[in-house]
Amino acid sequence: MLWYKGWLETRSRFLTCLIVLTAFCGVFVHYAQGFVRPEWSRDFYRLLSIAQEYVVIIWIMSVVLLGMGGLVREMATGTSSLTLSLPVSRAHLLSVRVAVGVLEAITLGVVPWATIFLVSSAGGMPVQFQQVGFYVLLLVGGGLVYFAMAVLVSSLVEGEYTAPAVAFGLVFLAAILFDVWLRSFNLWRLVTGDFYIDRNTYLLPRHFPWKGTAASLVVAASMLIASIRILKEREF
Amino acid sequence: MFFKLNPTTGQPLYLQLMQQIRHAAETGALQDGEQLPGIRTLAEELVVSPNTIAKAYSELEHDGILELRHGSGAFLTVRRRTRSLIDHVQVARRRLRDLIERLREEGLLDEEIRRAFEAELLYPAEIVGKR
Amino acid sequence: MTNTPVILTRDLTKSYASLKAVQGLNLSVEPNCITAFLGQNGAGKSTTIKMLLGMIRPSSGDGTVLGKRITDAGENREMRRKVAYVAENKPLYGYMSVEQTVRFASSFYPDWRTDVANRLLSQYKLPHRRKVKSLSKGMRTKLALLLAFARRPDLLILDEPSEGLDPVGIEHLLQTLVAQSAEGVSIFFSSHQIAEVERIADHVCILDNGRLLVNASLDRLRQSYRRIDLVFPFPPPEREFRIVGVEKIRINGNEMSVFASMNSEAVVERARNLKVVSVEVAPVGLRDIFLETVKEN
């Protein structure tokens, strides 16, 4: 019943973020439609790309929040003795926690964009489905590395409040670094689609950037593997 | 049947229980052939380790006082010790009563008498024999 | 039925930068017994238990629990399926309700007994739907213990189980331990409540500063340890009494008090040979055995 435990632990965070994201998207699109009527397609899609930027910010904050927890945090709250006495391996414990988090992260990416799609369709200006899919895949494929970073931080940093502080700090640090130094590897611009967007139509191109997303996922996977090894060595 | 085990007297609990069962048998509180409580039941009632009860029962079976029937429990043996042992104990108690009366007359307090008895009883048989 | 120890350690050691929490521990815990683990705070009891359960890695030495190596993650995990453990702080997940907690725990252990769990839930009067974080300390202690008692493990390890319980609760706890032992569960528990230990333990281990000082059956301790109070007509010759088994001698004028872990008859005989005026031999309770042993160390 580790999945159930993982769900109970993240339920409030997840649902709060989901409601915030969904509400934001619904309201944003509704007003965007009103703003660009009757059908100034280019401006509408430009507004959508702005929406994605906000969605990305909130999504990244949400998944970092979801990545918190785990055995090291349980040490601070006093329940690690219970969890570690269960007849399951530490790798298994972490894997279930990660799986729950990933599923929640995907949901947090799909539901808001589904909302955008539905609200825009209801308003008579349906967003191209391909665009929606593109944005979602970019968000999740490119952005899961933030979740993995949060998991890694939660395996290293003790303290209920220190771990989130460090994780969020790293997010900001990364944002600055990408802006200043690693321009061509700017994760932010990948996830928001900024790299690929056509400035004329503000549409994302036909070809999905598999290489960039794959690279990001590989980094995410390495961080998760590192987390497992760190947890295995740790003493409780 | 009321047993009372004292963990601080320096005597193993199983020995105390054995004595108390013997005493119950001698005074008739336990009848021939009567069943004693099961090991678990008695352990829970007295709040002592079941190993204590098991050891006491096992030793008493070895001494011929109890019969342990597999699956049924512990029973006081029917072909039991003869009346002579009951008399034996009763005679001993009469002698003790006289001695205690005399010690009281000599001015010893009950507490002093008890302590002296306990101290002497703690010597194993060899030392007593040497004197 | 085999007689392999349920817990066996060989020179188990745990050192941290500044101190040695456990030093060369050779522990041997027999099956089907109730074994008590005594020691002051910081003596190394919890560290030892955590090493047994794979939460801490030994600095050196090794051990087995139920025949499985404690340092092998896979074997340790397999062993944990048959071991019930309640840590000193009685850990529970605050966000789960009583019912959810019970269901959660039961899903991991094939030896879970639902009928016993239900009986204990009503006996302890635990409200099914209440979240753990809203329970009183006493109720939380009982729930944490219930998670172990509703099982039939091969080994039950408890760290200070009676802490947080009122006298009625402690009595229930002891009765439950005795009942579990009667069903074949080996019990290994640490406690500061020496009176309780004295009632139910078959075997006692005393740990101090990471070292095992005493490892004996409680009956043998009861039969061997004696305090011998002697009065001489002159200041007593202490060196005459430094024989095997004598742990401590205290002298006050013509009075001498000897604390012996064994061989008390030899002490008495020597005293009589030296024209002693008064001899009083008294048994020593477990508390005094513990205090004297630890002080000597």
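Residues numbered from 1 in each chain as written. Chains lettered and ligands numbered in written order. Predicted model: local features only at pLDDT ≥ 70, side-chain atom pairs only at ≥ 80, totals over all residues.

Student: Explanation requested: the overall build of chain C in the structure shown.
Tutor: Tallying secondary structure elements over chain C gives 10 helices and 15 strands in all. Each of the three principal axes of chain C carries a C-alpha extent, and together these read 75 × 40 × 40 Å. Relative to all contacts within chain C whose residues are 6 or more apart in sequence, the contacts with residues 24 or more apart total 68%. (Helix = DSSP H or I, 4+ residues; strand = E, 2+ residues; numbered from the N terminus. Contact = placed C-beta atoms within 7 Å.)

Student: How do you make sense of the sheet that holds strand 9 (residues 186-190) of chain C when you look at a structure like this?
Tutor: Two orientations exist for strands paired in a sheet by backbone hydrogen bonds: parallel and antiparallel. Residue and element names in this part refer to chain C. Strand order across the open sheet formed by six strands is 7-8-9-4-10-11, with mixed pairing between neighbours. The open sheet is flanked by strand 7 (83-86) and strand 11 (211-217), the only strands paired with a single partner. Ignoring which end each strand starts from, the neighbouring axes of this sheet average 15° apart. The sheet contact formed by strand 4 (residues 34-39) and strand 10 (residues 203-208) spans five bridges and is parallel. Across the sheet, Ala36 pairs through a bridge with Val204, a residue of strand 10. The sheet strands contacting helix 1 (residues 45-52) are strand 4, strand 8 (155-159), strand 9 and strand 10, and the helix crosses strand 8 at an angle near 145°. (Pairing = 2+ DSSP bridges. Axes fitted to C-alpha atoms, helices over the stretch in contact; angles between N-to-C directions.)

Student: Honestly, the interface of chain A and chain C in this entry has me stumped. Any pointers?
Tutor: Facing 17 residues of chain A, the contacting portion of chain C comprises 20 residues. Looking at the side of chain A that touches chain C, the elements with two or more residues in it are helix 1 (2-36) and helix 4 (80-85) of chain A. Looking at side-chain class alone, the side of chain A that touches chain C contains nine nonpolar, five polar and three charged residues. (Nonpolar A, V, L, I, M, F, W, Y, C, P; charged D, E, K, R; others polar.)

Student: What exactly am I supposed to notice about the sheet that holds strand 14 (residues 255-260) of chain C here?
Tutor: All names here are of chain C. Strands sit in the order 13-14-12-15 across an open sheet of four strands; the sheet is antiparallel. Each end of this open sheet is capped by a strand with a single partner; those strands are strand 13 (246-252) and strand 15 (278-283). Strand after strand, the sheet turns through a mean of 15° between neighbouring axes, direction not considered.

Student: It is not clear to me how helix 2 (residues 73-80) of chain C should be interpreted in this structure. Could you clarify?
Tutor: Since one α-helical turn is 3.6 residues long, residues separated by three or four positions face the same way. The set of residues buried in helix 2 of chain C consists of Asn76(C), Met79(C) and Arg80(C). Down the axis of helix 2 of chain C, the smallest arc covering the buried residues is 100°, so these residues share one side. Elements in contact with the buried residues of helix 2 of chain C: helix 4 of chain A together with strand 5 (60-65), strand 6 (68-69) and strand 7 of chain C. (Buried ≥ 20, exposed ≤ 12 C-beta atoms within 10 Å, placed from the backbone. Arc of directions from axis to C-beta.)

Student: So what exactly am I meant to see when it comes to the confidence of the model for chain B here?
Tutor: Any residue range with low pLDDT should be treated as having predicted coordinates unsuitable for detailed reading. Across chain B, the average pLDDT comes to 84, with 85% of residues at 70 or higher. A low-confidence stretch, residues 127-131 of chain B stays under pLDDT 50, and its non-local contacts, those more than four residues away or across chains, total four contacts. (pLDDT = per-residue confidence, 0-100.)

Student: Honestly, helix 9 (residues 210-233) of chain A in this entry has me stumped. Any pointers?
Tutor: For helix 9 of chain A, which comprises 24 residues, the first-to-last C-alpha distance of 35 Å matches the rise-based estimate of 34 Å (1.5 Å per residue) to within 8%. Check the buried side of helix 9 of chain A and you find it contacts helix 3 (70-77), helix 5 (90-122), helix 6 (129-156) and helix 8 (187-191) of chain A. (Expected span 1.5 Å × (residues − 1).)

Student: Looking at this structure, how should I read the interface of chain B and chain C?
Tutor: Taken residue by residue, the interface counts 20 residues in chain B and 24 residues in chain C. Taken together, the elements giving at least two residues each to the side of chain B that touches chain C come down to helix 2 (39-46) and helix 3 (50-62) of chain B. The element that contributes the greatest number of residues to the side of chain B that touches chain C is helix 2 of chain B, accounting for four residues.

Student: Which parts of the structure should I look at to understand the pairing of strand 2 (residues 20-25) of chain C?
Tutor: The two faces of the sheet receive side chains in turn, since in a regular strand these alternate between them. Residue and element names in this part refer to chain C. Pairing of strand 1 (residues 7-15) with strand 2 involves three bridges; the strand directions are antiparallel. Residue pairing across strands places Ser15 opposite Lys20, the latter belonging to strand 2. The turn linking strand 1 back onto strand 2 is made up of four residues.

Student: Can you walk me through the nonpolar core in this structure?
Tutor: Grouped burial of nonpolar side chains is what soluble globular proteins tend to show. Among the nonpolar cores identified, the biggest contains 109 residues, and Val65(C) and Val204(C) are the most heavily contacted of them. Of all the elements, helix 5 (residues 137-149) of chain C adds the most residues to this core, at seven residues. Not counting residues within four places of it along the chain, the set of residues in contact with Val204(C) comprises Ala36(C), Leu38(C), Val197(C), Val214(C), Ala216(C), Leu218(C) and Leu221(C). Val56(A), Val64(A), Leu187(A) and Leu190(A) belong to the second-largest nonpolar core, a separate cluster that totals 55 residues. (Core = buried A, V, L, I, M, F, W, Y, C linked by C-beta atoms within 7 Å.)

Student: Sorry if this is basic, but what is going on with the pairing of strand 3 (residues 73-76) of chain B here?
Tutor: All names here are of chain B. Pairing between strand 1 (residues 35-36) and strand 3: two bridges, direction antiparallel. Paired with Gln35 across the two strands is Phe75, which belongs to strand 3. When strand 2 (residues 66-69) meets strand 3, the two strands line up antiparallel, connected through four bridges. Residue pairing across strands places Leu68 opposite Ala74, the latter belonging to strand 3. Linking strand 2 to strand 3, which pair antiparallel, is a turn of three residues; within it Gly71 sits at a positive phi near 95°.

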